[in-house]
Every structure is written in C-alpha cells, then in structure tokens.
Amino acid sequence: MKEVVVSGMGVHTSIGFGTETFWSGLLQGACGIGTVGVFDVSDHNHKRACEIKRMQPSAYFQDQVSGMGRTTGIVTPAVEEALQDAGLAPDGLPAYRVGLCVGTTMGEIEPLEKTLSGEPVDTPGGPHTIAVHLSRLLRLSGPRWTFTNACSAGNFAIARCMEELRLGRADIMIASGVDSLSWVAFTGFASLRAMSPDVCRPFDRKRQGLILGEGAGVLVLETREHAEKRRAQVKATLLGYGLCCDAHHITQPDPSAKGAVRAMRQALAMSGLTLGDISHVSAHGTGTIANDQMETKAIGEVFAGSGRTVTVNSIKGHIGHTLGAASAIEAVMAVKAIETGLFPPTLHTEDIDPLCMHDSVRLNRSVQSEPVEAVLSNSYAFGGINSSIVLAGPKGGRAAS
C-alpha cells in the first residue's frame, strides 16, 4: 500500500496567519476572541467570536479573490502558504496531476446572506464554489471534491485525499478545511443555546458552551515515492483514518460513545500502530457538556487496558470552533507537535469536570515537552458523524519499521 505523506502546510486563523504564527500562538496561550464585527450582532445576546480581524491577502490572486466571498478569501492564502511550504509554485502545478478536497460546513455563505438581505451579489455562493474557484485559479487537473460533513469535514477531506493518492488518481492532493463566520451559523448555534457568553473552556466543570471561530487549515499530501522523487521535505506521514455515522441525534452526540470509539479504532487499525505508539490525542473538545463527556468516555474506552495514560488537548479555547476547518487546522497542529516534540495546552481549562477524568486520559493544561511519535486527531459533527485520523513522524512511525 502506498504511503501518504505531508509535504506542506498552511493556516489562517484568528490568532494569526501562517503556520509558525499559529503554532507560537498555541504555545503562548493566544486567544482570538473578540466582539463580532463582520456582521451585526446587536440583536444577539452573545456577541463574541474568534474572528479574523486582519485578513491575509492572497499573494498571487488578490484581484480575482477579492470578489469571491470571505470564505474563499480565508482559504486562498493558506493554500498558497501550503504550496510554498511544499516547494510548489502555483503557476507550476499544471505539471502535475494535482487534486483538491475542501471540507466546509457553511461553504461560501457570504453571497447567499447578501442575497437574503437584498444586497447585490457578483458571484454565486454555496459549498461547492470554493473548490471551483481554487481549481480554476490554480489550474488543477486532478480530482475535485467538496465535503459538507459539518464539523468533521476537514478530516473527511484529508481521508479522501489519502484514497485518491493511494488509488493513483493524482500525484498531489490539497486537503483543506475552511469556514468563515456567518450570521446564519452564529444565530443557529445561539438558538441551540450552545454558545458561551465569554470564552470556551473545554472539559472544565464551569464550561458554558462553545465559541464560534473562522479559519482555514491546508495540508499538501502526496505519496512518499512522489515526494522523494521531487526531493520534497516530508513533515509527517498520514497513516490512517476512521469514519462512521451512528445517526444518534440531529445535534447531540451518542452518550454511549460507540461511534467515536469505532472511528478511533478504525483509524488505529488502518495505521498499523498500537495504542502504545500514540503519544497524544487531539480532541474535538468543543466546551459543551454533551461533547466533552462523550469524547473523554470514548478515549478512555479505547485506551483502557493499554497500561498507559494518553495526553489529550483541545485548541478551541484558542481559536474557537471553526466548524469545517477545525480538524484540518488540528491536523496542522498535530504535525507541528510531531516536528517539535511540543504539545499545546487546553486554554481556559482550570477545574476539570470529574466526568471527563479517566484512568487512561490526562487532560493537558500546559505545554508538554517530550518526543511525539504519533497523534490521533478526532472530530465530530451533527447527525452522529465521527472521524479520526492518525499522523506520525516523517518515517511513518512503528508501522514503517
């Protein structure tokens, strides 16, 4: 089976643009929360989110991107950074079979919201338009996918890219997750009473809900053979994924955690690693009671009997819940943890909920410094959608030895 590796990364979040800025922010406890300015929140009880206050312009396509909507404007510079990181020039991509997978919840929502408010719109909206815009700008000839699996969409995009490469349908795949703040999503989560009035406190006894955010995470993926042929630097190895849907409830996760357990075990089985090979777990960790208790139950069950304690974190206290972008951004975090041997803290968590404490789970509240061999990254979505991926070091972890 062909090995799939990460050769480039890009990030655009409320704590800054660029992988290194993002990474430094995580380690230093940066928080992107502030008053929402991108739309009117005067009629809302909650008025805070992790908004990108200074949008990074596109380096190559600013004139074309400026009229395409906020979501495309967020992901395009992240794609450009990832390509540059991989040693690929945008104008050189036609030399390869390059494909694209975009994971998103709301898609290019800005034109649709303008239409509803009676404003003039120059470009169409919808989930699919982001991938269409990017494929045309970059002149891509490979497979093009859009995944709207809500908050698991980033992991679904990464998994699809892995399959396209293993099946030989592309030389290089760009896996991305992106969402922008929107009035529709903000109002919807407020109506569910799922939002915190101040900050997101994952796994904390005093947590009050999630904080919405916006951003994009991008991974350039290719087979190891292709990366070595063009002498690209291999940053990490994508070893496996697990995807399933338990259809428990339209919004609430299954408290039994059966689907989450299944996704993690599928990802581990595909990776060829043992529980002892997993250094850390990147949790979905939204700061809602239903998610936090379900997820720690699932992790505890998976790692029960392993004879070790696994470190777990969530970065949603830093950048909010970025919906379809979340797991793609968290994948970038996982690769940086593997590269540096550092594991970021769970921001704002001070008094851990006893129901989130298990013998095999240690919730991380400070920067951990130790070798990171492999990371299991979880993401969950409405409708009972569960996803997990496994990332390991450049040599592929124990599975490649």
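Residues numbered from 1 in each chain as written. Predicted model: local features only at pLDDT ≥ 70, side-chain atom pairs only at ≥ 80, totals over all residues. Heavy atoms only, no water.

Engineer: For this particular structure, what's the right way to read the overall build of the protein chain?
Structural biologist: For the protein chain, the count of helices and strands is twelve helices and 16 strands. Relative to the 2.2 N^0.38 estimate, which gives 21 Å for 401 residues, the radius of gyration of the protein chain is 19 Å and therefore close to what a compact globule would have. When the backbone C-alpha atoms are referred to their principal axes, the protein chain occupies close to 55 × 55 × 40 Å. Every one of the 401 residues in the protein chain was classed for burial, and the buried ones make up 63%. (Helix = DSSP H or I, 4+ residues; strand = E, 2+ residues; numbered from the N terminus. Rg over C-alpha atoms; globule rule 2.2 N^0.38 Å. Buried < 20%, exposed > 50% of the residue type's maximum accessible area, 1.4 Å probe, protein only.)

Engineer: Help me understand the packing of aromatic side chains, please; the structure alone is not making it clear to me.
Structural biologist: In this description, an aromatic ring pair is defined by two values, namely the gap between the centres and the angle between the planes. Within the structure shown, the criterion is met by four aromatic pairs. Here the aromatic rings of F189 and F382 are separated by 5.8 Å at their centres, their planes lie at 35 degrees, and the arrangement is tilted. Here the residue F189 occupies a position in helix α7 (residues 183-191), and F382 occupies one in the loop between β15 (374-381) and β16 (385-392), the gap between them amounting to 193 residues. You can call F189 buried: its relative accessible area is 10%. (Phe/Tyr/Trp six-rings, centres within 6.5 Å; stacked < 30°, edge-to-face > 60°.)

Engineer: Sorry, what's going on with the pairing of strand β7 (residues 172-179) here?
Structural biologist: In summary, the side chains of a regular strand alternate between the two faces of the sheet. By the criterion of burial, β7 is predominantly enclosed, with eight of the eight residues buried. Burial along β7 is two-sided: the residues I172, I174, S176 and V178 and M173, A175, G177 and D179 are all buried. Note that strand β5 (residues 98-103) and β7 share six bridges and pair parallel. If you follow V98 over to β7, its bridge partner there is I172. Bridge analysis of β7 against strand β8 (residues 215-223) gives eight bridges, and the strand direction is antiparallel. The partner of S176 across the bridge, within β8, is V218. (Pairing = 2+ DSSP bridges.)

Engineer: Would you take a moment to explain the pattern of salt bridges for this structure?
Structural biologist: Any two side chains of opposite charge can pair, given that their charged atoms come close. For the coordinates displayed, the defined rule picks out 16 salt bridges. The partner of K336 in a salt bridge is E339, and the shortest N-O contact between them spans 3.3 Å. Of this pair, K336 and E339 both sit in helix α12 (residues 326-340), three residues apart, which is roughly one turn of the helix. With relative accessibility at 33%, the residue E339 sits in the partly exposed group. (Salt bridge = Lys/Arg side-chain N within 4 Å of Asp/Glu carboxyl O.)

Engineer: Just to check I follow, could you spell out α12 for this structure?
Structural biologist: Residues three or four positions apart in an α-helix share a direction because the helix packs 3.6 residues into each turn. Given a rise of 1.5 Å per residue, 15 residues ought to cover 21 Å, and the 21 Å separating the end C-alpha atoms of α12 matches this to within 8%. Of all 15 residues making up α12, 13 are buried, and the element is well covered by its neighbours. Once α12 ends, the next one or two residues include G341, with phi positive near 75 degrees. (Expected span 1.5 Å × (residues − 1).)

Read these as layout, nothing more, since geometry by itself doesn't imply function.
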